[in-house]
Each structure stands twice: as structure tokens, then as C-alpha cells.
Amino acid sequence: MTPLKNDRFIRALLRQPVDMTPVWMMRQAGRYLPEYRATRARAGNFMTLCQTPELACEVTLQPLARYALDAAILFSDILTVPDAMGLGLYFSEGEGPQFEKVVRCAADVEALGVPDPQQELRYVMDAVSLIRRELDGRVPLIGFSGSPFTLATYMVEGGSTKTFQHIKGLLFDQPEVAHQLLDVLAKSVTQYLNAQIAAGAQAVMIFDTWGGVLSTRDYLAFSLHYMQQIVDGLTREVDGQRVPVILFTKTGALWLEQMAATGCDALGLDWMLPIGVARQRVGQQVALQGNMDPCVLYASPERIKEEVSTVLASYGAGSGHVFNLGHGIHPQIDPDNVQVFIDSVHEYSRPYHSAEALSNAGVLA
Ligand code: CP3
């Protein structure tokens, strides 16, 4: 494989020196881009887009053609795993994701098998290999999965939820069934991510979108415990190169220390906590990814630049920071504002990596 021409993202995740802070955006290939909307229209629907490697590859590369992004993320969805378990995922316009079958009792869980990534999820592995080939070492490729708890939320609810009625009902009334479901999901996700790594993913991220709705006790038992199992089971090195693992629990700032203790390489942060505070809490153990409020991109170019400066100043000097939004970019954002955002991260971060800044701050990296 071609060596990476731009390895800033991997270096920052490993807290090795960089010339400037790397940046990418969650949902960077998506509806805010007219070229994405055109490819999606050609595909007919979102699932066909995910399941056709050539189209998934095309949309993965679209934001890289516009912006100086430091990483590409596989175009897919976290719900491909429950779909591969036989639940029948579909998206109806304006409704968000939905499943034909739901999981509510012990018999439903017992019917679930661990999907073979080379069979039911072959299209994802084919997309990963194709994207790696097309990237030709320009930037690293990120693979991803949902966390077991987040996947279980959609599987038990049958789609999106505001109340968490069924998933929390299951945790409280049938905890052993919930654990059995989470266990099968942890095994499925481990195999799925290892297959993505074997196919060419150079870093992986676990999206725990809903862990933050749990009490601390339940978060540790039902979400973090299963992410720990995944971290323990992942391939961490390929051809002598570390494959960094990023854990992201949305609204999980209460639990950064426990998350860092899993042995992951980096934590994703939403925008609730200043990144400098997160760095003080866990910066010796892990890198940090985040954490500008995505709604800043609705503001003026001047205001966007100001917020970028604020986040960079909060993190301070040295490596270990991957700039990102605190959650996915919204479909209504003006692509010109994204240009301002990406370029200002690079421009304003250089001084934080100079020899002088590093020696003043007493940091080596
Ligand atoms: O970040 C990226 O660019 C990679 C692609 C990616 C998508 N979804 C593409 C997508 C990733 C990493 C995801 C993760 C995902 N999917 C999560 C976890 C991250 C998060 O946002 O918290 C969740 C919860 C899902 C489930 C899901 N898929 C939802 C809630 C939706 C939105 C439904 C809607 O209409 O807003 C999707 C669909 C989806 N996934 C889209 C994209 C670009 C939009 C589909 C479209 O084109 O209509």
C-alpha cells in the first residue's frame, strides 16, 4: 500500500508532533453538498448508496475534492449491522431510520446471530478497499460502527425515539435480556470493525450517540462495558502501524476518565465541555477530537473564525487534538462556510505547534 502523504490525523491521535491541527467533520459526506444530493438522487435512495461500493466511494471523496480535510470517513451507516442481523432497515422520507422487525424479548434476542462481515456486510468491505485504492494515500480512511447500546436503542425502539420507552423498559425490567443483546452486538461490532481494518481502515471510531441518556451506573454497565469488550478485541496494529480507536459518547463528558481508561487512543467530544478542561482531565492518556458546536457554521465567516480560535486556544499548545464538530454537520449548512471553517483550523493552529509554543508550554509533542 502507498505510504500516507498526509498523516497529520494519525499522528495527532497518537499525540506525536504535527505542523498544524488536523481537521475532519462528522457527516462530512452528506446532504449539505449539492454533489452528494445529485449522487443520492442517481442511486434512488440512501441504502442503495451505502450498498453500492462505487457510489459509496464517490460520495466519500466528494468533500475531499472541495476542502483540505485531513481524513476521509467511510460512507455508510451504523444501522447496517442490525440490518445484516435480519431486522430490515429502511428509510422513509422525513421519518429517519426504521426497522421492519423489533427486538423486545428473550426469543427475539435468541434469534439474532453475529453477521459474517464477509457475507452480509461484504458491500461495506468492498467500499473500504475501493476507497483506499482511490485515496492513494492522500489522507487516512476512518472506519466506524455504532456502539452496542446505540445499536440496541434503534433495534428495540424500531427506529428513532425521544422517550427511550422500550429500550429503558428492557434495561429496567429484563436486564439479563438486555445484556444478552448487548453481548451479541459487542461480538458483531468487534468482527465488523476488524474486517474494516483488514480491508484498509486506518483508524476506527465508535459512535455512542445515545449512551449519554443513561444514569452513570447504567452507562457503565450497559454502554461502556461493551465498548470495553470491543476495544479489547480490536486489531490495534497493521504492518507495524498503530490503528487508533476513537470512542465518542454524545453528552458523555461526565465519564471521560472511565472512557479513557478503556485503553482507546482518543475520545470524541461534543461541545458541552471546553476542550481544555477535557485535556486537563485525560490529556496524559488519550488524544481528543472535537468540539465546536455544529451550529456555529450557521454564523458569519468572522464568527466561525472566532470560534475556531477559541477552541484551539482552549486546547492549547501541542499535539493530541483532532479538530471536529461536536456532532454531525447539518444538511442546511452553506458549503462556503465549511471552507472558512477548515481553512481557519489549519491557519490558526500553526502557532500552537511551533517549537517556541511547545517549549513555553513545557510539552514535548
Ligand atoms: O460521517 C460521515 O460522513 C460518515 C457517514 C455516516 C452516516 N451516518 C451517513 C448518513 C455516519 C458515521 C453515520 C452514523 C450514524 N447513523 C449515527 C451515529 C452518529 C450520530 O449522528 O450520532 C446514527 C445515530 C445514525 C442513524 C441514522 N442514519 C440517522 C439518525 C439518520 C438521519 C435520518 C435523517 O433523515 O436525518 C441516518 C441517515 C444518514 N446517515 C444520512 C447520512 C449522510 C442522511 C441520509 C440521506 O441522504 O437522506
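Quick word on the side chain of D83
Along the chain, D83 turns up in helix α5 (residues 80–87). This buried residue, D83, is left without a salt bridge; K101 holds the nearest opposite charge, at 10 Å. A polar contact is formed between the side chain of D83 and the backbone nitrogen of L89, at a distance of 2.8 Å. Excluding residues within four positions of it along the chain, D83 makes contact with M47, Q51, G88, L89 and F99.

Points about the site of the ligand
Taken together, 23 residues lie around the ligand, and R27, Y36, R40, D77 and H327 are the ones closest in. Here an oxygen atom of the ligand sits 3.2 Å away from a polar atom, N or O, in the main chain of Q28. With respect to the ligand, the side chain of Y36 contributes an N or O atom lying 2.5 Å from an oxygen atom. Residue assignment for the shell around the ligand shows that the elements contributing at least two residues are α2 (34–43) and β3 (96–99). Both domain 1 (1–28 + 269–365) and domain 2 (44–66 + 71–257) contribute no fewer than three residues apiece to the shell around the ligand.

A short note on the domain arrangement of the protein
Looking at the assigned domains, one finds that the protein contains domain 1 (1–28 + 269–365) and domain 2 (44–66 + 71–257). Once you take the C-alpha centre of each, domain 1 and domain 2 turn out to be 24 Å apart. The interface is formed by 27 residues belonging to domain 1 together with 31 residues belonging to domain 2. In total, about 2500 Å² of surface goes out of reach between domain 1 and domain 2, with carbon and sulfur atoms giving 65% of it. Three residues stand out in domain 1 for area buried against domain 2, namely W24, Q28 and R281, and they jointly supply 21% of the buried area on that side.

So, the nonpolar core
Among the nonpolar cores identified, the biggest contains 132 residues, and F9, W24, L181, L267, L297 and F341 are the most heavily contacted of them. Of all the elements, helix α10 (residues 175–199) adds the most residues to this core, at 13 residues.

Looking at the packing of aromatic side chains
By the definition in use, this model includes 8 aromatic pairs. Between F144 and F207, the aromatic rings sit 5.6 Å apart at their centres with planes inclined by 85°, giving edge-to-face as the arrangement. Of this pair, F144 sits in strand β4 (residues 141–146) while F207 sits in strand β5 (residues 203–208), and the two are 63 residues apart along the sequence. Look at F207 and you get buried, because its relative accessible area is 14%. Considering the side-chain rings of F207 and F248, the 6.3 Å spacing of their centres and the 90° angle between planes classify their relative orientation as edge-to-face. Here F207, found in strand β5, pairs with F248, found in strand β8 (residues 245–249); they are 41 residues apart in sequence, far enough to count as distant.

Some points on the packing of helix α8 (residues 148–157) against helix α9 (residues 165–173)
α9 packs onto α8 with a crossing angle of 110° between their chain directions and a minimal axis gap of 7 Å. In terms of axis orientation, α8 runs roughly perpendicular to α9. For the pair α8 and α9, the sense of crossing is right-handed. Residues F149, A152, T153, V156 and E157 of α8 form the contact with α9, whose own contacting residues are Q165, H166, I167, L170 and L171. Taken together, the residues of the contact of α8 with α9 sort by class into 6 nonpolar, 3 polar and 1 charged.

What about the pattern of salt bridges?
Applying the stated criterion across every chain yields a total of 13 salt bridges. A salt bridge links R281 to E257; its shortest N-O distance comes to 2.8 Å. A residue pair is termed long-range when its members are at least 10 positions apart, and R281 in helix α13 (residues 275–282) and E257 in helix α12 (residues 256–260) qualify at 24 residues. Taking relative accessible area as the criterion, E257 reaches 32% and is therefore assigned partly exposed. Each of the salt bridges in this network shares a partner with another, and the network as a whole consists of R8, D19 and D70.

Reading guide: rules and limits
Residues numbered from 1 in each chain as written. Predicted model: local features only at pLDDT ≥ 70, side-chain atom pairs only at ≥ 80, totals over all residues. Heavy atoms only, no water. Helix = DSSP H or I, 4+ residues; strand = E, 2+ residues; numbered from the N terminus. Buried < 20%, exposed > 50% of the residue type's maximum accessible area, 1.4 Å probe, protein only. Lys, Arg positive; Asp, Glu negative; His and termini not counted. Salt bridge = Lys/Arg side-chain N within 4 Å of Asp/Glu carboxyl O. Polar contact = N/O pair within 3.5 Å; in protein donor to acceptor, adjacent residues only side chain to side chain. Contact = heavy atoms within 4.5 Å. Near = heavy atom within 4 Å. Domains from an automatic or database assignment. Buried area = accessible area lost by both parts, 1.4 Å probe. Core = buried A, V, L, I, M, F, W, Y, C linked by side-chain atoms within 4.5 Å. Phe/Tyr/Trp six-rings, centres within 6.5 Å; stacked < 30°, edge-to-face > 60°. Axes fitted to C-alpha atoms, helices over the stretch in contact; angles between N-to-C directions. Parallel < 35°, antiparallel > 145°, perpendicular 65-115°, else oblique. Left-handed = near helix turned anticlockwise from the far one by under 90°. Nonpolar A, V, L, I, M, F, W, Y, C, P; charged D, E, K, R; others polar.

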